[in-house]
Amino acid sequence: MPATKAAAYLEKAIGRYPPEVAATARAALKKLRARFPGARQLVYDRRQSLPIGFAPAARGAIFSLVLYPRWVRFFFLEGVAIDDPDRRLEGTGSQVRSIRLDQDAAILDNPYVRGLIAQAVKIAGEDLKKGRGEIVLKTTTV
């Protein structure tokens, strides 16, 4: 799918959420795209959520932004491997951890959270700054 069509689809999908959720997601995407311009954004349009994974060119996502009807969460897909002495990451599963994003995704600018994100990238051994930064629709509803 052409890049402009994929971007338009993603924007339309975000627009289906309440204004405060959509605004938080757009703010988060702006910040994450600026930090990781080469990352592929894998979009999975689901009935109850809109996951947007950030991935290097050669493999699956390292972390993802997920929109829900009432909030947005940021998931660390290898979260259990991240050193989190302040215990800010939520989740008790065997792998994934997450944080709930606040208004305007300001938490993504917090130095501690930036450190958690840097750890996730280092653990993955990938460079999300290199690449085409394309949006890839991984949905069956297109």
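Source: prediction; values computed, not measured.

1. A closer look at the overall build of the chain
Here comes step 1: On a plain count of helices and strands, the chain comes out with 3 helices and 6 strands.
Here comes step 2: When the helices and strands of the chain are listed from N to C terminus, the series reads α-α-β-β-β-β-β-α-β.
Here comes step 3: The principal-axis extent of the C-alpha atoms belonging to the chain is close to 40 × 30 × 25 Å.
Here comes step 4: When the 142 residues of the chain are sorted by exposure, 46% land in the buried category.
Here comes step 5: At a minimum sequence separation of 6, the contacts of the chain that also span at least 24 residues come to 55%.

2. Some words on the sheet that holds strand β2 (residues 50–55)
Backbone-to-backbone hydrogen bonds join strands into a sheet, with any given pair of strands oriented parallel or antiparallel.
Here comes step 1: As summarised here, the arrangement of the 6 strands in space is β5-β4-β3-β2-β1-β6, forming an open sheet in which the pairing is mixed. Bordering the open sheet on either side are β5 (97–100) and β6 (135–137), each of which pairs with just one other strand. Taking each pair of neighbouring strands and ignoring which way they run, the sheet shows an average axis angle of 20°.
Here comes step 2: Bridge analysis of β2 against strand β3 (residues 63–67) gives 5 bridges, and the strand direction is antiparallel. Residue pairing in the sheet places F54 in a bridge with F63 of β3.
Here comes step 3: In this fold helix α2 (residues 19–35) packs onto β1 (40–43), β2, β3, β4 (72–76) and β6, with an angle of close to 160° to the strand it touches most, β3.
Here comes step 4: Its contacts with the sheet put helix α3 (residues 111–124) on β3, β4 and β5, and the angle it makes with β4 is roughly 45°.

Calculation rules
Residues numbered from 1 in each chain as written. Predicted model: local features only at pLDDT ≥ 70, side-chain atom pairs only at ≥ 80, totals over all residues. Heavy atoms only, no water. Helix = DSSP H or I, 4+ residues; strand = E, 2+ residues; numbered from the N terminus. Buried < 20%, exposed > 50% of the residue type's maximum accessible area, 1.4 Å probe, protein only. Contact = heavy atoms within 4.5 Å. Pairing = 2+ DSSP bridges. Axes fitted to C-alpha atoms, helices over the stretch in contact; angles between N-to-C directions.

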